[in-house]
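Secondary and tertiary structure notes
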Amino acid sequence: MPQQDTSVSIIASGHTRFGRLADSNLEDLIVDATRQALDDAGVGARDIDQIFLGHFNSGLVPDGFPSSLVHQADPDFRFTPATRCENACASGASAVFAGINAIRSGEADLVLVVGAEKMTANSTPEVTRALAGAGYQNDAEEAALSFPQVFAQAARAYQKRHGDPLPAMARIAEKNHRNALANPLAQMHRAMSFEDCNTVSDRNPLIADPLRLTDCSLITDGAAAIILASPRRAAEFRRRVAIRAAVQVSDLLPMKSRDFLAFEGPRRAIAGAYERAGITLGDLHFAEVHDCFTIAELLIYEAMGLAPAGQGQRALHDGTVYADGALPVNLSGGLKAKGHPVGATGVSMHALAFRQLTGRPVGEARGGAGLGLVFNMGGAAVANFASVLEAREA
């Protein structure tokens, strides 16, 4: 495996509130996050060499050419190259990685990366159909599945192979709701007890057996942005976070072609990020991971190496992944409670990790954090992006 260039840095971030934002369209969200990032960096639009936008769409909005909406944030963006990146729910991280590669290639010194999605103008069935387009469409059985049904299959398979995951899934939901209470940008500020999350009720109905409402991430509007810098430019900024590793692994789209429960794509991406960064799991201080469904976070614990296959619940039982644990996971509240505006999610993870590592956390703080893991996933563990971020002193 080639040695990774670790010198690209994040030097600024922007982040809208996540939620049902009826007064904001896609352009409004993009412009807001962009302007925040420029202000955070103290640079002008004319200083940006390239722009990358993470955006899924799949019919959620009529904007079929959203990359150029970034230019609406400032007239000085005119003639700056802008490109849209789409990789299902990993569209945001895909845009981040494209920006990293633009700097490594020598084509850019400063890159603006924005992720955005406008979802709540659609009904829940409409959103469910749009997201299902990220599944394999050339097999009638797979094409008929919604993503709650896909991850319900994972939960049933886990139960058959390893034992009942539902109590652990409920504890993940409880944890992420608790973390989101401290995040002013999160969509949902509602404490949920373990009993609330573990019990099927009128308030917590089955969505796709055995997944309950509390096992599912939210339908969300929102945007986030970061600015990436080359080594030459990064040295000019007081706050910077180095990207020690950035690893992408893409698996086969048809679920029938692989053992979904093995989560091989996430395992390979995360292990590759550890290797390229020259670290072990024990070096990390926090992680932001892709909890599109609570069963996904449980499987990610195992992919991270927090527990062997089938024993992910150990990371909950021993307290490791809680806010005061050895390796807090989803201090932001995660997709479960912070929200999941699809194209924005991967950028949001990087933006909030940047804030955590520069001593300006949004929400729950991890004191003295020096290394963080970000894992963003598209589809049923198909597009997998893992990055290791490191705080750097000015």
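For the structure, see preceding data.
What counts, and where the lines are drawn
All residue numbers refer to positions counted from 1 along the written sequence of the respective chain. Where totals are concerned, whole chains, interfaces and linings use all residues; where local detail is concerned, this predicted model gives features only for residues with pLDDT of at least 70, and gives and counts side-chain atom pairs only at 80 or more. To get the side-chain values, take all heavy atoms of the structure and skip hydrogens and water. When the centres of two rings from Phe, Tyr and Trp lie within 6.5 Å, Trp using its six-membered ring, the rings pair. Their planes under 30 degrees apart give stacked, over 60 give edge-to-face, and anything left gives tilted. Only DSSP runs of H or I covering at least 4 residues are called helices, and only runs of E covering at least 2 are called strands; the numbering of each starts at the N terminus. Burial status follows relative accessibility: with a 1.4 Å probe on protein chains alone, a residue under 20% of its type maximum counts as buried, one over 50% as exposed, and anything between as partly exposed. Here, two residues are considered to be in contact whenever any of their heavy atoms come within 4.5 Å of each other. The rule for a disulfide is simple: a pair of cysteine sulfur atoms within 2.5 Å. Residues adjacent in sequence count toward polar contacts only when both atoms are side-chain atoms; beyond that, a polar contact is any pair of N or O atoms within 3.5 Å, and within protein one must be able to donate a hydrogen and the other to accept it. What makes two strands pair is DSSP finding at least two bridges between them. Note on definitions: angles span 0 to 180 degrees between N-to-C directions of axes, and those axes are lines fitted to C-alpha atoms, for helices only across the stretch in contact.

1. Comments concerning the packing of aromatic side chains
With the rule as written, the count across this model stands at four aromatic pairs. Between Phe 97 and Phe 385, the aromatic rings sit 4.9 Å apart at their centres with planes inclined by 85 degrees, giving edge-to-face as the arrangement. You can see Phe 97 sitting in helix 2 (residues 91-104) and its partner Phe 385 sitting in strand 11 (residues 383-392), a full 288 residues away along the chain. Of the two residues, Phe 97 and Phe 385, both sit in the buried class. Considering the side-chain rings of Phe 260 and Phe 263, the 5.9 Å spacing of their centres and the 45 degrees angle between planes classify their relative orientation as tilted. The pair Phe 260 / Phe 263 is uniform in exposure class, with both members buried. Aromatic ring contacts, followed pair by pair, group Phe 151, Phe 260, Phe 263 and Phe 293 into a single cluster.

2. Concerning helix 3 (residues 124-132)
What helix 3 keeps buried is the set Val 127, Ala 130 and Ala 132. Here the buried face of helix 3 lies against helix 5 (147-162).

3. Considering unusual backbone geometry
Cis geometry is adopted by the peptide bond preceding Pro 210, which originates at Asp 209 and carries an omega value of 10 degrees. Assignment of secondary structure puts Pro 210 in the loop between strand 5 (206-208) and strand 6 (211-212). For Ala 88, which is not glycine, the phi dihedral falls at a positive 55 degrees. Positive phi, normally seen in glycine, also occurs at Asn 330, with a value near 60 degrees. Mapped onto the fold, Asn 330 is located in the loop between helix 11 (314-317) and helix 12 (334-337).

4. Details of the state of the cysteines
Here the structure, examined in full by the defined rule, presents zero disulfides. Residue Cys 89 stays outside any disulfide, its sulfur separated by 6.6 Å from that of Cys 292, the closest cysteine. The exposure class of Cys 89 is buried, given its relative accessible area of 17%. Free cysteine: Cys 216, not disulfide-bonded; nearest cysteine sulfur from Cys 292 at 9.5 Å.

5. Quick look at the side chain of Thr 358
With respect to the helices and strands, Thr 358 occurs in the loop between helix 13 (345-357) and strand 10 (371-378). Within polar-contact distance, the side chain of Thr 358 engages the backbone oxygen of Phe 354 at 2.8 Å. For Thr 358, the residues in contact, after removing those within four places along its chain, are Arg 239, Arg 240 and Val 241.

6. Thoughts on the sheet that holds strand 1 (residues 9-15)
Pairing in this open sheet of nine strands is mixed, and the strands run 3-2-4-7-1-8-11-10-9 from one edge to the other. Here the strands that pair on one side only, and so sit at the sheet edges, are strand 3 (82-85) and strand 9 (286-288). Going from strand to strand, the sheet's axes swing by 25 degrees on average, the running direction of each strand aside. On top of the sheet, helix 9 (residues 264-277) reaches strand 8 (240-250), strand 10 and strand 11; it is set at about 145 degrees to strand 8, its chief contact.

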